[in-house]
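# Geometric and topological summary
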Amino acid sequence: AGVFGFVNAGQSLLTAWLIERAFGREFRLESVPNVLGFLVAGAIGAAGAAACADLAVSFVEPAAPLVDVWRLWFASCLLGVITLAPLLIGIDDSLRDPPPRRELIEGAASLATLAALSVFVLSLPPGFWATALPVAILFPVLLWVVARCRPVFAAAAASVVALAVIWSTTFDVGHFGDPSVPLADRILAAQTVVLVGALLVFVLAALFAERRRSVAA
């Protein structure tokens, strides 16, 4: 437990140090290079933490499949960073430069709508609609968030969707809780949806932020 705690703290510090070295202390996810740099730094930190955790596990369980341990640790750490760190970065930036009241109200309304729709969509029983309906319902709300609000609201939206997917997988609800699908496949599908969805939201938010700066200039 002590080693795992040290590894987790070290991963966060390494990722933050890499971002600071590349972009400085005033880091914002408001450009595509920043988003890609954040992803690379998060992947490097997660890979290093997974390697150290792998080494620690090998001393306790020599017969453990080290490749699987590394893969699971890397995926969980990277997804944790991608889904939560941008929200913390955006909140810190918003405290220094608060958004206008209109944007706060609109952002809060869009996040509440997204949360309700996410729970509804992921609670649907398995069927042919499980692949197309989530995109058709959730994507317009996500586009509303990234087009009208600052990236902090996009980060919050990505976190809401990620939490809904994790909740669905954990409690065997809806598409990601289908007992006819092996658990490993459901976990992989959930991780893929969270990762791809978050990256899509961050890139779109960065593009809209760049456009707003261009229009203002």
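The preceding data block contains the structure.
Right, let's walk through the structure included here. (Residues numbered from 1 in each chain as written. Predicted model: local features only at pLDDT ≥ 70, side-chain atom pairs only at ≥ 80, totals over all residues. Heavy atoms only, no water.)

### A look at the overall build of the protein
- Within the protein, the regular secondary structure consists of seven helices and zero strands.
- Secondary structure elements of the protein occur, N-terminal to C-terminal, as α-α-α-α-α-α-α.
- The globule rule puts the C-alpha radius of gyration for 217 residues at 17 Å, and the 19 Å found for the protein is close to it.
- The dimensions of the protein, computed from C-alpha atoms along their principal axes, are 60 × 50 × 25 Å.
- Taken across its 217 residues, the protein has 38% of its residues classed as buried.
- By element, 74% of the accessible surface of the protein is carried by carbon and sulfur atoms, the whole surface being about 11900 Å².
- Taking the 13 positively charged and 15 negatively charged side chains of the protein as two groups, their mean positions are separated by 11 Å. (Helix = DSSP H or I, 4+ residues; strand = E, 2+ residues; numbered from the N terminus. Rg over C-alpha atoms; globule rule 2.2 N^0.38 Å. Buried < 20%, exposed > 50% of the residue type's maximum accessible area, 1.4 Å probe, protein only. Areas by Shrake-Rupley, 256 points an atom, 1.4 Å probe, with all protein chains shown as cover. Lys, Arg positive; Asp, Glu negative; His and termini not counted. Charge placed at Lys NZ, Arg CZ, Asp CG, Glu CD.)

### Some points on the packing of helix 1 (residues 2-23) against helix 3 (residues 66-96)
- Packing of helix 1 against helix 3 leaves a shortest axis separation of 12 Å and a crossing angle of 45°. With respect to helix 3, the element helix 1 is oriented oblique. Here helix 1 runs over helix 3; the crossing is right-handed. Only Trp-73, Cys-77 and Val-81 of helix 3 make contact with helix 1, whose side of the interface consists of Phe-4, Val-7, Asn-8 and Gln-11. (Axes fitted to C-alpha atoms, helices over the stretch in contact; angles between N-to-C directions. Parallel < 35°, antiparallel > 145°, perpendicular 65-115°, else oblique. Left-handed = near helix turned anticlockwise from the far one by under 90°. Contact = heavy atoms within 4.5 Å.)

### Notes on the environment of Ala-51
- On the secondary structure map, Ala-51 appears in helix 2 (residues 32-60).
- By relative accessible area, Ala-51 is classed as partly exposed at 39%.
- As for Ala-51 and Leu-72, which are separated by 21 residues in sequence, their C-alpha atoms are 11 Å apart.

### Structural notes on the pattern of salt bridges
- Counted according to the given criterion, the structure contains twelve salt bridges.
- Notably, a salt bridge pairs Arg-150 with Asp-97, separated by 3.8 Å at the nearest N-O pair. Taken together, the positions of Arg-150 in the loop between helix 5 (129-148) and helix 6 (151-170) and Asp-97 in the loop between helix 3 and helix 4 (101-122) put the pair 53 residues apart, joining distant regions of the chain.
- Residue class for Arg-150 comes out buried when judged on its relative accessible area of 18%.
- Look at Asp-97 and you get partly exposed, because its relative accessible area is 38%.
- Close ionic contact of Arg-148 with Glu-106 constitutes a salt bridge, the shortest N to O distance being 2.8 Å. Linking Arg-148 in helix 5 with Glu-106 in helix 4, this pair joins segments that are 42 residues apart in sequence.
- Residue Glu-106 is classed as buried on the basis of its relative accessible area of 14%.
- Shared partners join several salt bridges into a network, and the residues in it are Glu-26, Arg-28, Asp-92, Asp-93 and Arg-96. (Salt bridge = Lys/Arg side-chain N within 4 Å of Asp/Glu carboxyl O.)

### Digging into the packing of helix 6 against helix 7 (residues 183-216)
- For the pair helix 6 and helix 7, the least separation of the axes is 9 Å and the interaxial angle reads 170°. When the interaxial angle is binned, helix 6 and helix 7 end up roughly antiparallel. On helix 7, the residues that touch Pro-151, Ala-154, Ala-155, Ala-158, Ala-162, Val-165 and Thr-169 of helix 6 are Ile-187, Ala-190, Val-193, Val-194, Ala-198, Val-201, Phe-202, Ala-205, Ala-209 and Arg-212.
- For the contact of helix 6 with helix 7, the per-class residue count stands at 15 nonpolar, one polar and one charged. (Nonpolar A, V, L, I, M, F, W, Y, C, P; charged D, E, K, R; others polar.)

By themselves, these are just geometric observations and shouldn't be taken as functional.
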